[in-house]
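# Working through the structure, step by step
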Amino acid sequence: MFSLEKLFLKFSTNHTPRWVVLLIDVLLCAFSYVFITFIILNFSFEPHGTGWLLETLGVVLFFKIVAFALTRMYQGLVRYTSISDAIRILAAVFISSSSILAFDFVVYFISENPEFYIPISIILLDFFITLVALASSRVAYKLLYSYYRSSPHEPKENIAIFGAGESGIITK
């Protein structure tokens, strides 16, 4: 019988492969971009069409994957997500959104079309939604891992960590 808990426990015994982390991140970015575009264009792709959406989605995902590779965002252990991972996510999303914006301005000034290739409102909202989605997915995985891995039958033992500085305060 298929169980989400069994599937999660199977993946959580080993490290999650990097390609799985990258794939999930790219899928979240794609969903975020399509969702924001759909909302900004009033639930219709009429002025541009779905061909434009797929073309711009390819451009957006290209810049996101390059930014993920530059910041090595997918290489950390997702179950040990920390503030440094959040900073890495912020850097990757900022780099990709800045690159998309720069690309958009280049296309705007080169082409004879008086409109931006990708509306700036879509780029800005995509920045925020992607940032929240990626950070939330990391935190959700960490919480699921700690929930399914903690055994309620084992007694917990209190320990003290001396000399660890700020890391000792954060550690549970």
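Up top is the structure these notes are about.
Residues numbered from 1 in each chain as written. Predicted model: local features only at pLDDT ≥ 70, side-chain atom pairs only at ≥ 80, totals over all residues. Heavy atoms only, no water.

## Observations regarding helix α3 (residues 50-71)
Let me state the cut-off plainly: Counting from the N terminus, the helices are DSSP H or I runs at least four residues long and the strands are E runs at least two residues long. Here, expected helix span is obtained from the residue count minus one, scaled by 1.5 Å. Buried residues are those whose accessible area, probed at 1.4 Å on protein chains only, stays under 20% of the maximum for their type, while exposed residues exceed 50% and partly exposed ones sit between those limits.
The end-to-end C-alpha distance of α3 is 31 Å, a good match for the 32 Å that 22 residues give at a rise of 1.5 Å each. Taken as a whole, α3 has its buried residues at Trp52, Leu53, Thr56, Leu57, Val59, Val60, Leu61, Phe63, Lys64, Ala67, Phe68 and Thr71. Positive backbone phi, at 55°, marks arginine 72, one or two positions downstream of α3.

## Description of the packing of aromatic side chains
As a reminder of what qualifies: Between the rings of Phe, Tyr and Trp (Trp by its six-membered ring), a pair exists once the centres lie within 6.5 Å; its type follows the angle of the planes, with under 30 degrees stacked, over 60 edge-to-face, and the other angles tilted.
The tally for this structure, following the rule as stated, stands at 7 aromatic pairs. Ring centres 6.4 Å apart and planes at 20° place the aromatic pair phenylalanine 105 and phenylalanine 109 in the stacked group. Of this pair, phenylalanine 105 and phenylalanine 109 both sit in helix α4 (residues 83-110), separated by 4 residues, roughly a single helical turn. We classify phenylalanine 105 as partly exposed; its relative accessible area is 32%. Here the aromatic rings of tyrosine 108 and phenylalanine 109 are separated by 5.1 Å at their centres, their planes lie at 70°, and the arrangement is edge-to-face. Of the residues examined, tyrosine 108 reaches a relative accessible area of 27% and is grouped as partly exposed. Phenylalanine 109 sits in the exposed class, given a relative accessible area of 64%. Here a set of aromatic residues connected by ring pairs shows up, and it is made of Phe62, Phe63, Phe103 and Tyr117.

## Considering a nonpolar patch on the surface
Let me state the cut-off plainly: Residues forming no salt bridge and having over 30% relative accessible area are the ones grouped into patches, like charges within 9 Å of each other and nonpolar side chains (Val, Leu, Ile, Met, Phe, Trp, Tyr) within 5 Å. Areas reported here follow the Shrake-Rupley algorithm with a probe of radius 1.4 Å; residue values treat only the protein chains shown as occluding. Basic side-chain nitrogens of Lys or Arg form a salt bridge, by our definition, when they fall within 4 Å of a carboxyl oxygen of Asp or Glu.
A contiguous nonpolar patch, built from Phe31, Phe35, Phe38, Ile39 and Phe43 and spanning about 510 Å² of accessible area, is present on the exposed surface. In this structure phenylalanine 35 comes out as partly exposed when scored by relative accessible area, which is 39%.

## Some words on the pattern of salt bridges
Here the structure, examined in full by the defined rule, presents 3 salt bridges. With a shortest N-O distance of 3.0 Å, lysine 64 and aspartate 126 are connected by a salt bridge. Separated by 62 residues along the polypeptide, lysine 64 in helix α3 and aspartate 126 in helix α5 (residues 120-149) bring together distant segments of the chain. Aspartate 126 carries the same exposure label as lysine 64, and that label is buried.

## Here we look at the side chain of threonine 56
Under the convention used in this document: Polar contact is the term for a pair of N or O atoms within 3.5 Å; when the atoms are in protein, one must be able to donate a hydrogen and the other to accept it, and sequence-neighboring residues count only if both atoms are side-chain atoms. Only heavy atoms matter for contacts: two residues are in contact if any of them lie within 4.5 Å across the pair.
Relative to the assigned elements, threonine 56 resides in helix α3. By relative accessible area, which is 0% here, threonine 56 ends up buried. One polar contact links the side chain of threonine 56 to the main-chain carbonyl oxygen of leucine 53, over a distance of 3.1 Å. Those residues in contact with threonine 56 that sit more than four places away from it in its chain are Tyr33, Tyr117 and Ile118.

## What to know about the packing of helix α2 (residues 18-40) against α3
To keep it simple, the criterion reads: Each axis is a line fitted through C-alpha atoms, and for a helix only the stretch in contact is used; angles between axes span 0 to 180 degrees, taken between their N-to-C directions. An angle counts as roughly parallel when it lies under 35 degrees, as roughly antiparallel when it exceeds 145, as roughly perpendicular when it falls between 65 and 115, and as oblique in every other case. Crossing handedness follows the turn of the near helix against the far one: under a right angle anticlockwise gives a left-handed crossing, and clockwise gives a right-handed one. Under the scheme applied, nonpolar residues are Ala, Val, Leu, Ile, Met, Phe, Trp, Tyr, Cys and Pro; charged residues are Asp, Glu, Lys and Arg; polar residues are all the others, including Gly.
Two numbers describe how α2 lies on α3: the axes approach to 10 Å, and their chain directions differ by 140°. As far as their axial angle goes, α3 and α2 are oblique. Between α2 and α3 the crossing geometry is right-handed. The residues of α3 that touch α2, namely those facing Leu22, Asp25, Val26, Cys29, Ala30, Tyr33, Val34 and Thr37, are Trp52, Leu53, Thr56, Leu57, Val60, Leu61, Lys64, Ile65 and Phe68. For the contact of α2 with α3, the per-class residue count stands at 13 nonpolar, 2 polar and 2 charged.

## Focus: the environment of glutamine 75
Note on placement: glutamine 75 falls in the loop between α3 and α4. Separated by 53 residues in the primary sequence, glutamine 75 and leucine 22 place their C-alpha atoms 8.8 Å from one another.

Coordinates in, geometry out; function isn't part of it.
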